[in-house]
Amino acid sequence: MENKLLTLKPEDFEVMYAATFTKKDAEHVGNELAHDVFEKGEVDPLHVLSNLARLKCVIDSADKTFRSRLVLNVADSWNGVSFTPKNGSEKLQFSEDHVVADLEAKLKERKDLVKLATKSKDVIFDSDGNEVTKVSSVFDKYSITISF
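Being a predicted model, the structure only gives us computed values, none of them experimental.

Student: Give a description of the overall build of the protein chain that names residues and reports values.
Tutor: Of regular secondary structure, the protein chain possesses four helices and two strands. In the protein chain, the succession of α and β elements from N to C terminus is α-α-α-β-β-α. Across its three principal axes, the protein chain shows a C-alpha extent of roughly 70 × 50 × 30 Å. Taken over 148 residues, the protein chain has a buried fraction of 6%. Contacts in the protein chain between residues far apart in sequence, at least 24 positions, make up 22% of those at least 6 positions apart.

Student: Got a sec to walk through the environment of Glu131? Specific residues and values, please.
Tutor: Tracing the backbone through its elements, the reader meets Glu131 in the segment after helix 4 (98-119). Given a relative accessible area of 51%, Glu131 falls into the exposed group. In the structure, Glu131 is positioned 42 residues away from Ser89 in sequence and 42 Å away in space, judged by C-alpha atoms.

Student: Please give an account of the packing of aromatic side chains that cites residues and values.
Tutor: All told, the structure shown has one aromatic pair when counted by the stated rule. Measuring from ring centre to ring centre gives 4.4 Å for Tyr17 and Phe21, while their planes differ by 10 degrees; the resulting arrangement is stacked. Judged by relative accessible area, which is 27%, Phe21 ranks as partly exposed. For Arg54, the ring lying beneath its charged end belongs to Phe148, and the centroid distance is 5.5 Å.

The rules behind each value
Each chain has its residues counted from 1, running along the sequence as written. Owing to the predicted nature of the model, reporting of local features is limited to residues with pLDDT of at least 70; listing and counting of side-chain atom pairs is limited to 80 or more, with chain, interface and lining totals taken over all residues. Hydrogens and water molecules were not included; the side-chain quantities draw on all heavy atoms of the structure. Put simply, DSSP marks the helices as runs of H or I at least four residues long and the strands as runs of E at least two long, and each gets a number from the N terminus on. Using a 1.4 Å probe on the protein chains alone, a residue whose accessible area is under 20% of its type maximum counts as buried, one over 50% counts as exposed, and one in between counts as partly exposed. Only heavy atoms matter for contacts: two residues are in contact if any of them lie within 4.5 Å across the pair. Aromatic contacts are taken between Phe, Tyr and Trp rings whose centres are within 6.5 Å, Trp giving its six-membered ring; a plane angle under 30 degrees counts as stacked, one over 60 as edge-to-face, and the others as tilted. In this scheme, the term charge over a ring applies when either NZ of a lysine or CZ of an arginine sits within 6 Å of the ring centre and within 35 degrees of the ring normal.

Here is the structure:
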């Protein structure tokens, strides 16, 4: 089977969407695609999702490479899309401070102790003789992991 996306030339991508095609339009088109797949029942949703995952990987990889190679000194726009260069943000190295490093280590130890206490049938005490609280847990929302 021919790879339709790969038959497009770079110049095809340059003019693929009009400047009036907004992010909301793109989201709407994606939602409509999914809606049609489920409502019309003409194709298997799992088969469509498998190819969307591949296409997303192609797009994400190309996007990452473009961002790494394209150098912008000033903001620019093309075809209704704005591009703004951004320097990396400053990140303080808090762990270089011995007090912060010590507190982070103690916090990690305490979290490990709370995990142990929560999973244990027995009551657990810390080194100061205090009972370690058993805590509740919550679960992330349902999701599907895709790999290929």
